[in-house]
Structures are given as C-alpha cells and as structure tokens.
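Per-entry structural report
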Amino acid sequence: MADKIVTHWQGGLTFESDNPSGKKVIMDTSKEGTDERFGLSPKAMMLSSLAGCSALDVISILNKMNEEIDDFKIEVSGELTEEHPKYYHTVVVDYHFYGADINKKKCQRAVDLSVEKYCGVMEMFRQFATVTTNIFYHIATKRNT
C-alpha cells in the first residue's frame, strides 16, 4: 500500500499539503522578525501524527473493550538534536485519561497495544528516537483544555 501527497507552495514560507483522504493542511515556519504563522511546522506535525495515530488506536481498543471514559488526550514533546539536520532524538508521549470510574487495567492494555503493536507512526519514531510513554489517570474530573 502506498500513499501519495502533493505539497504546493503558497508563497513566502507557506505550503499547502493534501492528504490521500482529500483533506488539506497548511504548513509553514516562523519567519525571522515576525510572529505571523499560517499553519503548523512540519516537525510539530510529526508529533501530532504520533499522537493521532496512537489516540485512534487507544480509543478504538477501548471501544471494543466497552470501556467508557469521559475524556482523553495525548501530550507529546520532542527534543531536537543540536546539529543539522535537526531531528527528534528523544520523544515523550503522555496519555491522559479522565473519568469517574476508569478501568486502569483496560486503559493500560489499550496503550500497550497501540505502542507495541498497532501504531505505525510510533514504530517509525523508534527508528530514530528514544520514545518514552507515561499514563496519567484523572479520576472524577473533566479536562478543561
């Protein structure tokens, strides 16, 4: 199976990239002397892809287990190398589960399956970075943001 995307220059340092699903995303980077941004940076999108891939797995697995949670988020941080080409050498993935009656065993199992078996983006990251995962349970609270 192969995917193909097209990334088209929009002027300046802004690009529009399509997706095999037909959706589009804007990418750019910060210009020296300005705070104006129109999209996501390519490296930050990699972290978003990692979170999205694993999040889809975790929620899908929890649904199959008939496990209900009130809310869920993943926070990913990456540390870049000092030298060019700069790439993420260390990545931390934090899974946050929210709910009044969380089954920690099922949540742990869902994360483990994603990390060890299903998330292809996670496996790609492991080819060039040390990836650490953590799970946090927030009982009887809803996430504000």
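Structure's up top.
One structure accompanies this document, and this report is about it. (Residues numbered from 1 in each chain as written. Predicted model: local features only at pLDDT ≥ 70, side-chain atom pairs only at ≥ 80, totals over all residues. Heavy atoms only, no water.)

1. Let's talk about the sheet that holds strand β2 (residues 14-18)
Across the sheet, three strands lie side by side as β1-β2-β3; this open sheet has antiparallel pairing. Only two strands of the sheet have a single neighbouring strand rather than two, namely β1 (7-11) and β3 (24-27). Direction aside, neighbouring strands of the sheet carry axes that sit 25° apart on average. Where β2 and β3 come together, four bridges link them in antiparallel fashion. (Pairing = 2+ DSSP bridges. Helix = DSSP H or I, 4+ residues; strand = E, 2+ residues; numbered from the N terminus. Axes fitted to C-alpha atoms, helices over the stretch in contact; angles between N-to-C directions.)

2. Thoughts on the state of the cysteines
Taken as a whole and judged by the stated rule, the model has zero disulfides. Free of any disulfide, C107 has its nearest cysteine sulfur in C119, 17 Å distant. With a relative accessible area of 0%, C107 lands in the buried category. (Disulfide = S-S within 2.5 Å. Buried < 20%, exposed > 50% of the residue type's maximum accessible area, 1.4 Å probe, protein only.)

3. Some details on the environment of T29
On the secondary structure map, T29 appears in the loop between β3 and α1 (42-64). The class for T29 is partly exposed, based on a relative accessible area of 38%. Along the primary structure T29 and Y95 are separated by 66 residues, whereas in three dimensions their C-alpha atoms are 27 Å apart.

4. Examining α1
In this model α1 runs 33 Å from its N-terminal to its C-terminal C-alpha over 23 residues, within 8% of the 33 Å that 1.5 Å per residue would give. Residues M45, L47, L50, A51, C53, S54, D57, V58, I61 and L62 constitute the buried set of α1. Looking at the buried positions of α1, the neighbouring elements they touch are β3, β4 (71-80), β5 (88-99), α2 (104-118) and α3 (120-126). Of the residues one or two after α1, N66 is the one with positive phi, at around 55°. (Expected span 1.5 Å × (residues − 1). Contact = heavy atoms within 4.5 Å.)

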